[in-house]
Protein chains: 4
Amino acid sequence: MSDGAGLFGEVLARGPVREATTDLAWLQAMLDAEAGLARAQAAAGVIADEHAEAIAAACRAERYDVDALGAQAASVGNPAAPLVRALRAEVGDPMASDVHRGATSQDIVDSATMLVARRALDALLDDLGGATEAAARLADEHRATVMAGRTLLQQAVPITFGLKAAGWLVGLDEAAQRLDAVRRSRLAAQLGGAAGTLSAQGDAGIDVLSRFARELQLAEPVLPWHTTRTRIAELASALGEASGAMAKVAGDVVLLAQTEVGEVREGGGDRGGSSAMPHKHNPVAAISALAGARQAPGLVANLLAAMEHEHERAAGAWHAEWGPLRELLRATGSAAAWLRDCLEHLEVDPERMRANLDDAMLAERVAGAIGGADAGDRVREALAAGRSLADVAHEHLSDDEADRVLDPATYLGAADQLIDRALSAHAHRS
Amino acid sequence: MSDGAGLFGEVLARGPVREATTDLAWLQAMLDAEAGLARAQAAAGVIADEHAEAIAAACRAERYDVDALGAQAASVGNPAAPLVRALRAEVGDPMASDVHRGATSQDIVDSATMLVARRALDALLDDLGGATEAAARLADEHRATVMAGRTLLQQAVPITFGLKAAGWLVGLDEAAQRLDAVRRSRLAAQLGGAAGTLSAQGDAGIDVLSRFARELQLAEPVLPWHTTRTRIAELASALGEASGAMAKVAGDVVLLAQTEVGEVREGGGDRGGSSAMPHKHNPVAAISALAGARQAPGLVANLLAAMEHEHERAAGAWHAEWGPLRELLRATGSAAAWLRDCLEHLEVDPERMRANLDDAMLAERVAGAIGGADAGDRVREALAAGRSLADVAHEHLSDDEADRVLDPATYLGAADQLIDRALSAHAHRS
Amino acid sequence: MSDGAGLFGEVLARGPVREATTDLAWLQAMLDAEAGLARAQAAAGVIADEHAEAIAAACRAERYDVDALGAQAASVGNPAAPLVRALRAEVGDPMASDVHRGATSQDIVDSATMLVARRALDALLDDLGGATEAAARLADEHRATVMAGRTLLQQAVPITFGLKAAGWLVGLDEAAQRLDAVRRSRLAAQLGGAAGTLSAQGDAGIDVLSRFARELQLAEPVLPWHTTRTRIAELASALGEASGAMAKVAGDVVLLAQTEVGEVREGGGDRGGSSAMPHKHNPVAAISALAGARQAPGLVANLLAAMEHEHERAAGAWHAEWGPLRELLRATGSAAAWLRDCLEHLEVDPERMRANLDDAMLAERVAGAIGGADAGDRVREALAAGRSLADVAHEHLSDDEADRVLDPATYLGAADQLIDRALSAHAHRS
Amino acid sequence: MSDGAGLFGEVLARGPVREATTDLAWLQAMLDAEAGLARAQAAAGVIADEHAEAIAAACRAERYDVDALGAQAASVGNPAAPLVRALRAEVGDPMASDVHRGATSQDIVDSATMLVARRALDALLDDLGGATEAAARLADEHRATVMAGRTLLQQAVPITFGLKAAGWLVGLDEAAQRLDAVRRSRLAAQLGGAAGTLSAQGDAGIDVLSRFARELQLAEPVLPWHTTRTRIAELASALGEASGAMAKVAGDVVLLAQTEVGEVREGGGDRGGSSAMPHKHNPVAAISALAGARQAPGLVANLLAAMEHEHERAAGAWHAEWGPLRELLRATGSAAAWLRDCLEHLEVDPERMRANLDDAMLAERVAGAIGGADAGDRVREALAAGRSLADVAHEHLSDDEADRVLDPATYLGAADQLIDRALSAHAHRS
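Predicted model, so just to flag it, every value in this text is computed and none were measured.

A. Quick peek at the overall build of chain A. Regarding its fold elements, chain A presents 19 helices and four strands. Overall, chain A is about 95 × 50 × 35 Å in size when its C-alpha atoms are taken along their principal axes. Counting over 430 residues, chain A shows a buried share of 70%. Once local pairs closer than 6 in sequence are excluded, the contacts in chain A between residues at least 24 apart make up 77%. Approximately 12,300 Å² of chain A is accessible, and the part contributed by carbon and sulfur atoms is 46%. In chain A, which carries 40 positive and 62 negative side-chain charges, the distance between the mean positions of the two groups comes to 2 Å.

B. Representation of the relation of the copies chain C and chain A in the model. Rotating chain C by 180 degrees about the axis while translating it 0.0 Å along that axis superimposes it on chain A, leaving an RMSD of 0.0 Å. A rotation of that kind, with that shift, is consistent with a two-fold axis. Here 100% of the interface residues in chain C have copies in chain A that are interface residues too; the copies meet face to matching face.

C. Here's a closer look at the side chain of H100 of chain A. All names here are of chain A. Among the secondary structure elements, H100 is positioned in the loop between helix 6 (80-91) and helix 7 (105-141). H100 gets classed as buried once you look at its relative accessible area, which sits at 11%. A distance of 2.9 Å separates the side chain of H100 from the side chain of E34, its partner in a polar contact. Not counting residues up to four positions away in its chain, the partners in contact with H100 are E34, L37, V84, R88, S105 and I108.

D. Representation of the interface of chain C and chain A within the structure. Between chain C and chain A, the contact holds 76 residues from the first and 76 residues from the second. Across the chain C to chain A interface the summed buried area is about 6,400 Å²; carbon plus sulfur atoms make up 64%. Between the two partners, chain C and chain A, sit 10 salt bridges. Taken together, chain C and chain A are joined by 32 residue pairs in polar contact (both at pLDDT 80 or more). For the side of chain C that touches chain A, the secondary-structure elements that each account for two or more residues are strand 1 (146-151), strand 2 (154-160), helix 8 (161-185), helix 9 (205-216), helix 10 (230-256), helix 12 (296-305) and helix 19 (415-427) of chain C. No other element matches the 14 residues that helix 10 of chain C contributes to the side of chain C that touches chain A.

E. The pairing of strand 2 (residues 154-160) of chain D, seen in detail. Residue and element names in this part refer to chain D. In terms of burial, strand 2 is largely enclosed, as seven of its seven residues are buried. Inspection of the sheet shows strand 1 (residues 146-151) paired to strand 2 by five bridges, in the antiparallel sense. Counted as the bridge partner of A148 is P158 from strand 2. Taking the residues between adjacent antiparallel strands as the criterion, strand 1 and strand 2 are bridged by two residues, where L152 takes a positive phi near 55 degrees.

F. Broad picture of a negative patch on the surface. Residue and element names in this part refer to chain C. A surface patch of like charges, here negative, comprises D399, D400, D403 and D407. Here D407 is to be found in the loop between helix 18 (399-405) and helix 19. According to the relative accessible area criterion, D407 is partly exposed, its value standing at 30%.

G. Region of interest: the packing of aromatic side chains. Enumeration according to the criterion identifies 16 aromatic pairs over all chains in this entry. Between W322 of chain A and F8 of chain B the ring centres are 5.4 Å apart and the planes differ by 50 degrees, which places this aromatic pair in the tilted class. Of the two residues, W322 of chain A is situated in helix 13 (residues 319-344) and F8 of chain B in the segment before helix 1 (9-12); the pairing between them involves two chains. Of the residues examined, F8 of chain B reaches a relative accessible area of 5% and is grouped as buried. A ring pair is formed by W318 of chain C and W322 of chain C, whose centres lie 4.9 Å apart and whose planes are at 85 degrees; its orientation type is edge-to-face. As far as the burial class goes, W318 of chain C and W322 of chain C line up, both buried. Above the face of the W338 of chain D ring, R14 of chain D is positioned so that its terminal group lies 4.1 Å from the ring centre.

H. Broad picture of the packing of helix 10 (residues 230-256) of chain B against helix 11 (residues 284-293) of chain B. Residues and elements named next belong to chain B. One can describe the packing of helix 10 onto helix 11 by two numbers: an axis separation of 9 Å at closest approach and a directional angle of 150 degrees. Between helix 10 and helix 11, the angle is such that the two are roughly antiparallel. As for the relative orientation of helix 10 and helix 11, their crossing is left-handed in sense. In this structure, helix 10 contributes S243, A247, A250, G251, V253 and V254 to the contact, and helix 11 contributes A286, I287, A289, L290 and A293.

I. Structural context of the nonpolar core. Counting residues in hydrophobic clusters, the biggest one holds 667 residues, and the most contacted among them are L343 of chain A, L343 of chain B, L343 of chain C together with L343 of chain D. The residues contacting L343 of chain A, other than those within four sequence positions of it, are A131, A134, A135, R137, L138, W168, L172, V249 and V253 of chain A.

J. Unusual backbone geometry, seen in detail. Between D93 of chain A and the following residue, P94 of chain A, the backbone shows a cis peptide bond with an omega angle of 5 degrees. Tracing the chain through its elements places P94 of chain A in the loop between helix 6 and helix 7. Unusually for a residue other than glycine, L153 of chain A sits at a positive phi of about 65 degrees. With respect to the helices, strands and loops of the structure, L153 of chain A is situated in the loop between strand 1 (146-151) and strand 2 (154-160). Among the residues examined, L153 of chain A registers a relative accessible area of 2% and is labelled buried. Residues other than glycine seldom take positive phi values, yet H311 of chain C does so here, at roughly 45 degrees.

K. Structural view of helix 15 (residues 363-370) of chain B. Residue and element names in this part refer to chain B. With respect to burial, helix 15 is a largely interior element, six of its eight residues being buried. Of the positions making up helix 15, those classed as buried are A363, E364, R365, V366, A367 and I370. In this structure, the buried side of helix 15 is in contact with strand 2 (154-160), helix 16 (375-384), helix 17 (389-396) and helix 18 (399-405). Directly after helix 15, the chain includes G371, whose backbone phi takes a positive value near 80 degrees.

L. How the structure looks around helix 10 (residues 230-256) of chain D. Taking 1.5 Å of rise per residue, 27 residues should cover 39 Å, and helix 10 of chain D covers 39 Å from first to last C-alpha, within 8% of that figure. Along helix 10 of chain D, 27 of the 27 residues are buried, which leaves the element largely enclosed by surrounding structure.

M. View of the pattern of salt bridges. Summed over the entire model, instances satisfying the criterion amount to 156 salt bridges over all chains. Taking the shortest distance from any N to any O, the salt bridge between R63 of chain C and E90 of chain C comes out at 3.0 Å. With R63 of chain C in the loop between helix 4 (49-57) and helix 5 (66-76) and E90 of chain C in helix 6 (residues 80-91), this pair connects stretches of sequence that are 27 residues apart. Each of E174 of chain A together with R178, R186, R231 and E234 of chain C takes part in a single network of salt bridges with overlapping partners.

N. Spatial organisation of the packing of helix 8 (residues 161-185) of chain B against helix 19 (residues 415-427) of chain B. All names here are of chain B. One can describe the packing of helix 8 onto helix 19 by two numbers: an axis separation of 9 Å at closest approach and a directional angle of 30 degrees. Judged by the angle between their axes, helix 8 and helix 19 are roughly parallel. In this structure, helix 8 meets helix 19 at a crossing whose hand is left-handed. Contacts between helix 8 and helix 19 involve G162, L163, A166, L169, V170 and D173 on the former and, on the latter, A415, L418, I419, A422, L423 and H426. When grouped by side-chain class, the residues that make up the contact of helix 8 with helix 19 number nine nonpolar, two polar and one charged.

O. Layout of the confidence of the model for chain A. Confidence along chain A averages 94 in pLDDT terms, with 96% of residues attaining 70 or more. Here the predicted complex scores 0.96 on pTM and 0.94 on ipTM.

P. Focus on the environment of D399 of chain B. Residues and elements named next belong to chain B. Positionally, D399 belongs in helix 18. It is 72 Å that separates the C-alpha atoms of D399 and H309, two residues lying 90 residues apart in sequence. Within the local environment of D399, its side chain forms a polar contact with the side chain of H394, the two groups lying 3.0 Å apart.

Basis of the calculations
- Residues numbered from 1 in each chain as written.
- Chains lettered and ligands numbered in written order.
- Predicted model: local features only at pLDDT ≥ 70, side-chain atom pairs only at ≥ 80, totals over all residues.
- Heavy atoms only, no water.
- Helix = DSSP H or I, 4+ residues; strand = E, 2+ residues; numbered from the N terminus.
- Buried < 20%, exposed > 50% of the residue type's maximum accessible area, 1.4 Å probe, protein only.
- Contact = heavy atoms within 4.5 Å.
- Areas by Shrake-Rupley, 256 points an atom, 1.4 Å probe, with all protein chains shown as cover.
- Lys, Arg positive; Asp, Glu negative; His and termini not counted.
- Charge placed at Lys NZ, Arg CZ, Asp CG, Glu CD.
- Least-squares fit on C-alpha atoms with pLDDT ≥ 70 in both.
- Polar contact = N/O pair within 3.5 Å; in protein donor to acceptor, adjacent residues only side chain to side chain.
- Buried area = accessible area lost by both parts, 1.4 Å probe.
- Salt bridge = Lys/Arg side-chain N within 4 Å of Asp/Glu carboxyl O.
- Pairing = 2+ DSSP bridges.
- Patch = residues over 30% accessible without salt bridge, like charges linked within 9 Å, V, L, I, M, F, W, Y side chains within 5 Å.
- Phe/Tyr/Trp six-rings, centres within 6.5 Å; stacked < 30°, edge-to-face > 60°.
- Lys NZ or Arg CZ within 6 Å of the ring centre and 35° of its normal.
- Axes fitted to C-alpha atoms, helices over the stretch in contact; angles between N-to-C directions.
- Parallel < 35°, antiparallel > 145°, perpendicular 65-115°, else oblique.
- Left-handed = near helix turned anticlockwise from the far one by under 90°.
- Core = buried A, V, L, I, M, F, W, Y, C linked by side-chain atoms within 4.5 Å.
- Expected span 1.5 Å × (residues − 1).
- Nonpolar A, V, L, I, M, F, W, Y, C, P; charged D, E, K, R; others polar.
- pLDDT = per-residue confidence, 0-100.

Shown next as structure tokens:
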């Protein structure tokens, strides 16, 4: 609800998105909308140019008292109405009557929300891009770093850490592309007047709408979208998808950093120490990324549920969007900032990865080399009886073949080609 | 994330719960936990009394810098560790080493969360109680106010407004009782040390735990609950249930206040006017109550999903609780403050209620009086053919009987008894 | 969990999506995946053509016992393993060892899920398209049907029913386009083997992957996506967005159909009657559409939360997808089927719309014509003092001007142009 | 949607709750409600005893066609109306007109839902009780089994496996007690007639309501609760809390069963093998328990959001409850069945637990023994410089003291007492 990081903000709302979503940022965005409207109307010949410029000059957030505006918001249910009053007072007559001309509070709040979202996405995509680059670097550097592939948290067959990082890369890239597509094409200006007819704009309605969108560098909607909330829902969904993609990566880091696994460790200075337990080195960045990313499911659910806007303005569903959208931007932004930090400083231990490899993991391959529908069962029985896999392999196969199938580095399938595909897709992403 | 109401707080986080959940309130609660711990340990003979008192004296939030503590929180992932450092510096040697003795960060944050929750619930239950009293008054005053009962938003059979308000009362009472039960028995102190064994408390572990709980006036848990999050989940669920009960009431008010229905109107001064549309009178309190109440489903979902804490401290799920729990307290508290305001000033229009009654609504009764399995079909056909219900009634029934069944005031069943039951249950609630 | 409509299916899972998502449909899709894999491997020269054709010939769901496969699924946690056994038995040696060659259970279940999703989306988009066409027709036919625009459920300024329907159209069109984009580009084959390296495909891994995707007419992924669940999340989100867009429309219908509003009525035969209340005509289709659409928020939340897949196969999160994805497809499909029915048979009452118009709604316009920053206040005071709006208008304006501003049909702004824009966008949608 | 286990039921809807929630079970519960109503009315003198008995005799589900009733449900939006028609036909005149007398469809569906919930909770609590007993046994048997306490998935300080199991026990006990409290006091009969006035029951309304509740062995509500959905919400929340408590346990099992940890293993026959990877032993029960438990957050969210029932019957929110409530019962029941299976057959490896203990974990204790505010930093530096903890301990402490602090079995604090507390609370639970 405020602008400082406070007690929890550096953990839960880390990074530049917090700055982009403060109350002051929201206020400035509302003022940007009012300024854009005045300029659009001047360009359309509805109001005088000098009135528009006087209005625009007054649209600087630092001139207004956020808390006072917020207090007045209670009597009408939104902060746009008191802001219009304050802005009119600031510009004085005769410009006052050209402030907010033909607009309704929702036009200003919705357009401001889109401006805030664009600025927040710019920051978020920068951090997400940093995390993605780090994943690409890890994928390329660790092509030959053999490790256990783990399914259901059991060692299964060998993979490379490069392939694991390539999987992270693809997930983060997909999420970033979807967020960027929403940013470029679905953030639109809102202008409709009291009930979406633009009736208070006279004959210039459509012209003012077009110019208003251009002024704000937002998309021009087919119709005012005051009760068509697909745009909010698509934004929320894309943030939720990005959160999920980041949670997968952060979760893997936490698991790989376990004391008993120890295959990665978070670098980045002395973070993660425990004053009470000096031997510990906690993966604080990955954990904090998870904490942020896990906010998404419920917040997205709230925003999807809030799509049900009644008639020409919702009785509650509109107001219900403000909190979760801000929290969702912040939490996803925080996850991106933490994950970037985590991946950019990730310390990988190839020796430990190799040492952790359980030979039994090659059992699938030995069974395949032995052949026959029941080879799997036979190998399983032999292992259960206490025999080593090498024993079983040499019993059924030539020594050369047995040695080959027992070497994990020759059992990586298309891992290298798949890394190439991921890096190529990353390089050519739109 | 902050302590002022900001741009949206008076709409979305109204009422005393916001004050009870500020960063400063959370900081004070953490300090209360540290003070309580020191006193418990002094009483258990683990540390000197004068050390405990010196520590307790330093546990005043205004002595510390919230933003500085928050900034340091990033390196360990929670604000308790930097607070312990600051508190140790504040008390100096030799008391410093008795600060936070044998405790872990989670002990302090969890116990503080419970203190914050208790203070927030006190405030919330006061507002919810106010709304409940208002509903009880409306139920009693409007026993004889006949109105349409509406099913699927179609007029169905007559009810009284008193009965509708009695339904609100029961829902709010049930929600308040569940919240109060959680407040009284499920808010517990947390103390376990690094992994829940109380090992750093020496032999005094259980004794210190008991005394710590009493110091904080919180329940003493069977075990430390650092990764058993049922308490958080029950608190969240009870808030969610209260939100749903309030949303039902607020939704009814919005529907009754529609221009075409006009049976209630929000009083309470000049709120709800529209500068652009001077004829409008918006039910701002009910709408804002809805906006708050509708935050619950997603936030509760996030808190239920966060119950999956790994081993002896969660890697992300714990941190993931802080934001949604605070938001949920605030949003539910806001709904309660708005709903109380709404109901305490609700203006009811019995004449409009009576005028809105559609005679056709008595069709069920006429069909019942006519009798026979197909009476309903026959009445429906007659109405569809354009006949009035009175016509149909008089065709099939004696005039006295027809007059009786056509009078809605004689068709209210047990409405009055039901109101008595609701008021009695309210008067005798635990 | 089954294939019949059962007790609730015709209400909650209406329409062709239910058929496309039965257990039998899922089983057939798993068999299609096995057949596609065999053919892809034959084309890649890995197995003999005649083996592939024998396998494909055995891939007909009616040859297998769904309940028996389901019962065996319990011991391994998924139905693919028993299906592979059954399919091997069906084709016999020597083809048996070429069944499911180099694949893992998740490859089959995930690819089958994508096939089911594509078939379900085909059906869903057909119904959604029908609803969209109906909205387009209503928008065009009711360009001149003046009605009250309602904000916060209060009459605000006039609109046309055509404009309202145009808003529905845009929301449904946007939702359909997003769903179609997911259908065309994000439904991909999954093939990776035990841990995503394609190691058990020999050197042919990438070639088999490409051919497999073409066989199934699904997109070829950059990498196996066994633990990169963005595709599932995007599908879920798009379904959630569509549900929200439909809920908005259905909600408006329910509100317009209220006894006290009566501006629309569901046609479509004798549905919606009440045996107990013969006068009632319930908007059953709109209500059932709402019931379906409102499943989305929680189900999408579950699917977003399930994105956190550990390592190379998830320990629970994968299994956690199956139920909510099927329920989400069914519920959204049901909403589309019901909404199409609702809109295709919607009976609109222009006379009632005109009659419901509250003159006071023109107050904004009168205030604008009077001019000056305090005109709104002055009009409000006059109305509060019991004067008619016509009186106030004639006091301050010339008679001609007063008559003009009091005619709602001259106060519709750009409504007609906006309808043209919506219809044009609909005609030219991709 | 059906009654067989189908393809996924044995994994996702395991155990007796599935049987208790089939369509047939729901139909029988609706018939039980009709029978209970007739008997209540006979006892109240409203209808003839022999009519009531004839009606009750016809209330056997196998006499009716579920799919046919479901098909007819579409025209009115619920299956009660066609069932009443079928039941009337079954009993014939003159009893037909005493069927469903004065009731509305929602009375029957809601009361049936409560009956289904009670039967499902009986089954669920049995499985949850089994899991709880198994946890109690593990807690008692493994009092002396020293293992690593892990925080943030890093080894922290020693605990015992008994203490870990005691934590599971407390979580499961708390969840079971809450579910049982809901079962005993919050499952209530619903009877109100068309709009909740009991008007069609004549003067006997309250009497019939009381007797109806007793017939069904459900609680008697203060008021009909047709639009007061706190009961549904409390049931859903308690299921969600139980799911979370179970997810914590199952998650711990999955982590302890990791190849690199190997401290527990699921027994219970040959389940969990992998045909492709014969060395693997997957914790299928724990994973399936997680899959079930993780359905709760979204389903609870949907049910909380559906609390907003309009006026005297909801337009969509009521129908929106049916699916998620059934799915939630089934998923939670499945989690309980799987978790019971998991814990009853859990194989614990105390040797591996001891072997996994990292000496560095004792660093906290060594630092405490050394004393002073910077001891932690000094120990950390020494460890970082490559020294062993034993070295550091012996440098600063006497040999006896060093040996003592280096023995994890002497560093378990109140673990044993805490186990006693958990077992005692379990033995004395209400």
